[in-house]
Amino acid sequence: MLSTSSRLPIWIGLRYLAAKRRNHFISFISMSSMVGMTLGVAVLILVLSVMNGFDRELRERILGMVPHAVLYQYGGVDDWQVLATRVEGLPGVAAAAPLTRLQGMLGYGGRVQGSMITGIDPGAEERVSILPQHITAGSLNDLVAGEYGIVLGELLAKHLQVGVGDKVTLMLPEATLSPAGVLPRIKRLNVVGIFSVGAELDANLGVIHLEDARKLARLDAQAQSLRVKFDNLFDAPRGIWEIVDRLDGRFSGTDWTRTHGNLFQAIRMEKTMIGLLLLIIVAVAAFNIISTLVMVVTDKQSDIAILRTMGASPRTVMAIFMVQGLSIGVVGVVLGTLLGIAGALTISELVAAVERLFNFQILSADVYFISYLPSELQWLDVMIVVSASLTISFLATLYPSYRASRVQPAEALRYE
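This section reports on the structure supplied with the text.

1. A short note on the overall build of the protein
Part 1 of the argument: Counting secondary structure elements, the protein contains twelve helices and ten strands.
Part 2 of the argument: Among the 416 residues that make up the protein, the fraction classed as buried is 47%.
Part 3 of the argument: For the protein, the share of sequence-separated contacts (at least 6 apart) that also reach a separation of at least 24 residues comes to 79%.
Part 4 of the argument: Carbon and sulfur atoms make up 60% of the accessible area of the protein, which totals about 20,900 Å².

What follows is the structure, encoded as structure tokens:
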């Protein structure tokens, strides 16, 4: 239990905070300090949660479709099943599957779109990719060797205005000699499925069977390369070269940091920089707390003098105004934390509702790497924001409270 002398600063400090003042401007500054702290903490938690959401979507969606690493063998992979078995037996490797890539143009009805065509084995793909879980029409199992079927990204299909059952024309950049002259290589493909992962890949990726890709690429080997999935995607840059070193033969490798590493680092850096910038809002609110306490100390000169003459020590007087300033900060931080958590948990649904209401899209997959606003609340971020805000609030009370403790009773009461 607190003693009477210990409770006195708390009781008087809270009484000063709740009391009606003759100077309404002090009350206004006090309220604006609390509102500023609330908004600063809420916006900081909300923005950090959105940045966490982008970070998560990059890991789960983009890097769920993009290979963690790709293992190349000189001349192509002759027997990918044997190589995959060897690779999967190495530490840190979750799975491996064959991969053959082509670049070309897909056309339909006069509309043309540049695309990345990826040859896969439908049975092995679900072990290394999230593609099978995001098929919205048709089926990945409809990719049958020799039938030249293709599964298109949703945005690519919309651009070409095709659906399941339509036939698109694939034009490869390699030219073919014919009696009519030099012609581009052209192949008709049947659209057997459509996928949507809500990312930029929806606009430029088409998937065909591995055997069909081999024939189109005119490969002698079964596959162009081997896609490798690691237990931890951050192990990929080091792990792929360890695999190359352990295998006999002419191998090379690449990993996701070569294609999407800059984007990942940019999100991490932006989260840090935006967090620091938004912390300035909290600092501004803390300066308002300083202003409030300085004016309260000036307004309460006579009260301080009376307390001192009644035996209150400078430390007690300092504690009284620290309690008042911290109360403003604590209330603002608590309200801001509750508001920020509520916003972080609902921002995705609110933005989606606004998009449906006004029939427009805030994030387009044609421009951004995802097509919706993600959010992921991390309690560690909440703890850091709350701790930093409370620390700033505490520091803001020191100078005004120290000034109050230095008030001399004789000087303060001379003109009373």
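2. Section: the pairing of strand 10 (residues 251-255)
Part 1 of the argument: Residues Phe 251, Gly 253 and Asp 255 line the buried face of strand 10, whereas the alternating positions Ser 252 and Thr 254 sit on a face that is not buried.
Part 2 of the argument: Pairing of strand 1 (residues 69-77) with strand 10 involves five bridges; the strand directions are antiparallel. Considered in strand 10, the bridge of Val 70 is made with Thr 254.

3. Here we look at the nonpolar core
Part 1 of the argument: Core analysis: the biggest nonpolar cluster contains 52 residues, and Leu 71, Val 87 and Ile 243 have the highest contact counts within it.
Part 2 of the argument: Looking at this core element by element, the count peaks at seven residues for helix 2 (residues 24-65).
Part 3 of the argument: Val 41, Ile 341, Leu 377 and Val 386 belong to the second-largest nonpolar core, a separate cluster that totals 21 residues.

4. A few points about unusual backbone geometry
Part 1 of the argument: With a phi angle near 55°, Tyr 148 is a residue other than glycine that sits in the positive phi range.
Part 2 of the argument: As for its position among the elements, Tyr 148 is in the loop between strand 4 (135-138) and strand 5 (149-153).
Part 3 of the argument: At Gln 161, a residue that is not glycine, the phi angle is positive and equals roughly 60°.
Part 4 of the argument: Along the polypeptide, Gln 161 turns up in the loop between helix 5 (154-160) and strand 6 (167-178).
Part 5 of the argument: Residue classification places Gln 161 among the exposed residues on the basis of a relative accessible area of 53%.

5. Looking at the pattern of salt bridges
Part 1 of the argument: Inspection of every chain in the model, using the stated rule, returns five salt bridges.
Part 2 of the argument: Notably, a salt bridge pairs Glu 125 with Arg 227, separated by 3.5 Å at the nearest N-O pair. Note that Glu 125 is positioned in helix 4 (residues 122-125) and Arg 227 in strand 9 (residues 223-230), a separation of 102 residues in sequence. The same class applies to Glu 125 as to Arg 227, namely buried.
Part 3 of the argument: One salt bridge connects Glu 242 with Arg 238, and the closest N-O pair in it is separated by 2.9 Å.

6. With respect to the packing of aromatic side chains
Part 1 of the argument: If you walk through the whole model with that rule in mind, you get one aromatic pair.
Part 2 of the argument: Between Phe 234 and Trp 256, the ring centres sit 6.1 Å apart and the planes meet at 75°, which makes this aromatic pair edge-to-face. With Phe 234 in the loop between strand 9 and helix 7 (236-246) and Trp 256 in the loop between strand 10 and helix 8 (257-299), this residue pair connects regions lying 22 residues apart in the sequence.
Part 3 of the argument: Using a relative accessible area of 3% as the deciding quantity, one classes Trp 256 as buried.
Part 4 of the argument: Sitting over the ring of Tyr 74, Arg 250 keeps its end group 4.1 Å from the ring centre.

The rules behind these values
Residues numbered from 1 in each chain as written. Predicted model: local features only at pLDDT ≥ 70, side-chain atom pairs only at ≥ 80, totals over all residues. Heavy atoms only, no water. Helix = DSSP H or I, 4+ residues; strand = E, 2+ residues; numbered from the N terminus. Buried < 20%, exposed > 50% of the residue type's maximum accessible area, 1.4 Å probe, protein only. Contact = heavy atoms within 4.5 Å. Areas by Shrake-Rupley, 256 points an atom, 1.4 Å probe, with all protein chains shown as cover. Pairing = 2+ DSSP bridges. Core = buried A, V, L, I, M, F, W, Y, C linked by side-chain atoms within 4.5 Å. Salt bridge = Lys/Arg side-chain N within 4 Å of Asp/Glu carboxyl O. Phe/Tyr/Trp six-rings, centres within 6.5 Å; stacked < 30°, edge-to-face > 60°. Lys NZ or Arg CZ within 6 Å of the ring centre and 35° of its normal.

Geometry only, nothing functional implied.
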